[in-house]
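Breakdown of the fold
The chain contents come next:
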Amino acid sequence: MEDYAVYLQKVNKYYGTKQILVKLNMIVKRGTIYGLLGSSGCGKTTLLSCIVGRRSIDSGCLWVLGGVPGEDVSGVPGPRVGYMPQDVALVGEFSVRGAIYYFGHLYKMSKKNIQARYEFLKELLELPRGHKMVKNCSGGQQRRISFACALVHEPELLILDEPTVGLDPVMRNSIWNYLVEMAHNNNTTIIITTHYIEEANQADKLGLMRNGTLLTEGSPSELLTSFNTDTLEDAFLKLCKQHESGIMFNQNVQENYFEEEREFRSNSFLISKQKLTINKNIRRNNLKVNKHHVIALLRKNNLQYFKNLTCLSINILFPVVNILTFLIAIGRDVNINLGIVNDEHSLDTCNSYNRENTTFLHNHQCDFQQLSCRFLDDFNDEHIKKIFYTDFKVAMEDAIHGKVVGVLYISKTFTEALRERMENDHKIDNETLSLSEIKVWLDMSNRQIGLTLKSKLLAKFVNFQKKIFKDCEYLEKLIDQPLNFHYLFGNEKEEFINSMVPGILLSVVYFLTTTMTYSVIIQDRSEGVWDRSIVAGVTSAEIILTHFMTQSFIVCFQVIEVVIIAFVVYQIEYVGNLFLIALMIFLQGIGGMVCGFWISVVSKNQSMASILCTGMFFPVFLLCGMLWPLESQPIVLRYISKSLPFTAAVESLRHIMRKGWNIEHFEVLNGIGISLIWIVGFVLLSTYFLSRKR
């Protein structure tokens, strides 16, 4: 029983509806080299991932180093196994020495032992200089570094997936000699896949695999004898042809296998209901946290975030660029071209009129002169450019073609009609009433610009009338509407930008951290670093925790950036506690981080993650109440909106900034509570989906 390192019986594995491993049987004895041969796509890599505990089987029996992968007794995943995948599976920002030290720390080795192994492996594999970054090494050098990482802790079971691809014949021969020495002198069990069939002559046992099935097993000499060939390549070709034609083959070798199986059964070590056992073990182990793993992962994360100049610049500059873009582009007064047609007086007349004589008292009555000129003179605004026309039709034509936003028209008898309107309002006819009006035609296709111009014109006209009343010694308040407004929060001149700042601050930090998180993690996963770390014993909880710790620091820095820019540099008004404002922004950064982690888990690749993130962004952004009030939404949609990640947080931050509310108010506490619920929810979902992927 103790002679077996790996035992598989009738193992089946599916990816969806496609079956990858088909009733596969395999036995590997301790202290031997097992060469696994087969064409690309035959299931070799999937088989190895099941052996190292990275994937669970769908049915059959799988036993590794005394237990089921995932059990503590097996040490798989963990320090008893060394794994080199097909891909290099190393962080590009690692130095050669740093890559080996990373895996040494994962395997809980002391610095002294890691250094000793590094020196040995450097000579054996002719590794590049220790400070050279992995991404700057050649393909062959990267594979040798990857191989060294699998050997650093001298494991009991060594799994090598195409380790000699891209290496020169001399180096391949040196590696095989070392593997033979490890197996025979150190009792190390080695399973190796290779495209170079003839180099597998040094293996103790070979398994020939095709279409998810192990066609036969045996020593190189047994296979050569069975197929009466001089080379393993010829033997493999004959075997494939026999398999395609359905001929029974190599009966003696199969009988030897079943004899070993009967011996294994006699020890009562056949594991039943294994898939259920694996899943339970994985779910339990995913919650473990080991300080050695945490320290090693933190070092890796720091390299990825802070030695990658592109990633570092994005983390530092993007929040600044986004906030500055908003503050510079949004909330300022609109520059408007306004067409003016004054039929009462020419432009030259208005330029030379005497303002003091436009309104005067005569026999205790107020008289008016050139009021159109006075109105236009009072109508000064740096953001409104007055363009004068002598022909009303030309002015309207320019408005239709977008050269001016509106046309203001003053009739020939405006002053006389306005005087009659003020003095004889109860006797005035409709024609005189119409002539006393200043008529304005507006382009309302852009509502914001149209409403801005309308508001400015109304304010200018009211101010114009007040000055006339003052000159005539009338009561100015008669001009005001009989509504007296008082402001509980804010003021009459409240700027539009103030209502948008809370949503912009939260959304920028949220989605930048989302994008940053899923980009780094998917890169880890696509390059194989994630899988390789898990095979070394790293748990899902450790991955989540270390990313949380690293990115929390980055989020803190981003929060400080946006707070300084918004409230110190641009001096956005706020009346609440600045620390509470920063806390709300920080919570959204953490929320975006865990959302990004969830996206990285459920997405197959970077493209899918980008689409998912973009698809989430617009509904959440549009429904958060930043662009348009929630009160305008249908009642059902309003409740949905309030449950989204940062809708309640936007309202809470607005209450803090504009009303000075603190955490004692339910509306503020509600935003914090919903943010925390989303954070916990995304963490639980991520952990669940990670377990499912096993």
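About the cut-offs
- Residues numbered from 1 in each chain as written.
- Predicted model: local features only at pLDDT ≥ 70, side-chain atom pairs only at ≥ 80, totals over all residues.
- Heavy atoms only, no water.
- Axes fitted to C-alpha atoms, helices over the stretch in contact; angles between N-to-C directions.
- Helix = DSSP H or I, 4+ residues; strand = E, 2+ residues; numbered from the N terminus.
- Parallel < 35°, antiparallel > 145°, perpendicular 65-115°, else oblique.
- Left-handed = near helix turned anticlockwise from the far one by under 90°.
- Contact = heavy atoms within 4.5 Å.
- Pairing = 2+ DSSP bridges.
- Expected span 1.5 Å × (residues − 1).
- Bend = angle between axes of the 7 residues up to and from the residue.
- Buried < 20%, exposed > 50% of the residue type's maximum accessible area, 1.4 Å probe, protein only.
- Patch = residues over 30% accessible without salt bridge, like charges linked within 9 Å, V, L, I, M, F, W, Y side chains within 5 Å.
- Areas by Shrake-Rupley, 256 points an atom, 1.4 Å probe, with all protein chains shown as cover.
- Salt bridge = Lys/Arg side-chain N within 4 Å of Asp/Glu carboxyl O.
- Lys, Arg positive; Asp, Glu negative; His and termini not counted.
- Charge placed at Lys NZ, Arg CZ, Asp CG, Glu CD.

Focus on the packing of helix H21 (residues 578-602) against helix H24 (residues 647-659)
Remark: H21 packs on H24, axes separated minimally by 10 Å, with the N-to-C direction vectors making an angle of 165°. In terms of orientation, H21 and H24 fall into the roughly antiparallel class. By crossing handedness, the relation of H21 to H24 is classed as left-handed. Counted together, Leu580, Ile581, Met584, Ile585 and Gln588 of H21 and Ala649, Ser652, Leu653, Ile656 and Met657 of H24 form the full contact between these two elements.

A word on the sheet that holds strand S15 (residues 438-442)
Here we have 4 strands laid out as an open sheet, ordered S13-S10-S14-S15, and mixed in their pairing. Bordering the open sheet on either side are strand S13 (384-389) and S15, each of which pairs with just one other strand. Neighbour-to-neighbour, the strand axes of this sheet turn through a mean angle of 25°, independent of strand direction. Inspection of the sheet shows strand S10 (residues 336-342) paired to S13 by 6 bridges, in the parallel sense.

Regarding helix H11 (residues 309-329)
Since the α-helix turns once every 3.6 residues, residues separated by three or four places project in the same direction. Under the 1.5 Å per step criterion, the end-to-end length of H11 is 28 Å for 21 residues, consistent within 8% with the ideal 30 Å. At Leu317, H11 shows its maximal bend, which comes to roughly 35°, and the proline Pro319 appears one to four places after that position. All of the buried residues in H11 are Cys311, Asn315, Pro319, Val320, Ile323, Phe326 and Leu327. The first or second residue beyond H11 is Gly331, which carries a positive phi of 90°.

Description of unusual backbone geometry
The backbone of Ala89 sits at a positive phi, close to 55°, despite the residue not being glycine. If you trace the backbone, Ala89 turns up in the loop between strand S5 (81-84) and helix H2 (96-106). For Ala89, a relative accessible area of 2% puts it in the buried group. Notably, Asn228 is not glycine yet its phi reads approximately 55°, a positive angle. Mapped onto the secondary structure, Asn228 falls in the loop between helix H6 (220-227) and helix H7 (232-245).

Re a nonpolar patch on the surface
A cluster of nonpolar side chains, Ile314, Ile316, Leu317, Phe318, Val321 and Phe557, forms an exposed patch at the surface whose accessible area comes to about 490 Å². Among the elements that take part in the nonpolar patch, H11 stands out by supplying 5 residues, more than any other. Position of Ile314 among the secondary structure elements: in helix H11. You can call Ile314 partly exposed: its relative accessible area is 34%.

Here's the deal with a negative patch on the surface
A contiguous patch of negative charge on the surface is contributed by Glu416, Glu420, Glu423, Asp429 and Glu431. Per element, the largest residue contribution to the negative patch is 3 residues, and it comes from helix H15 (residues 414-423). Within the secondary structure, Glu416 sits in helix H15.

Scope: geometric values only; no functional claims are made or implied.
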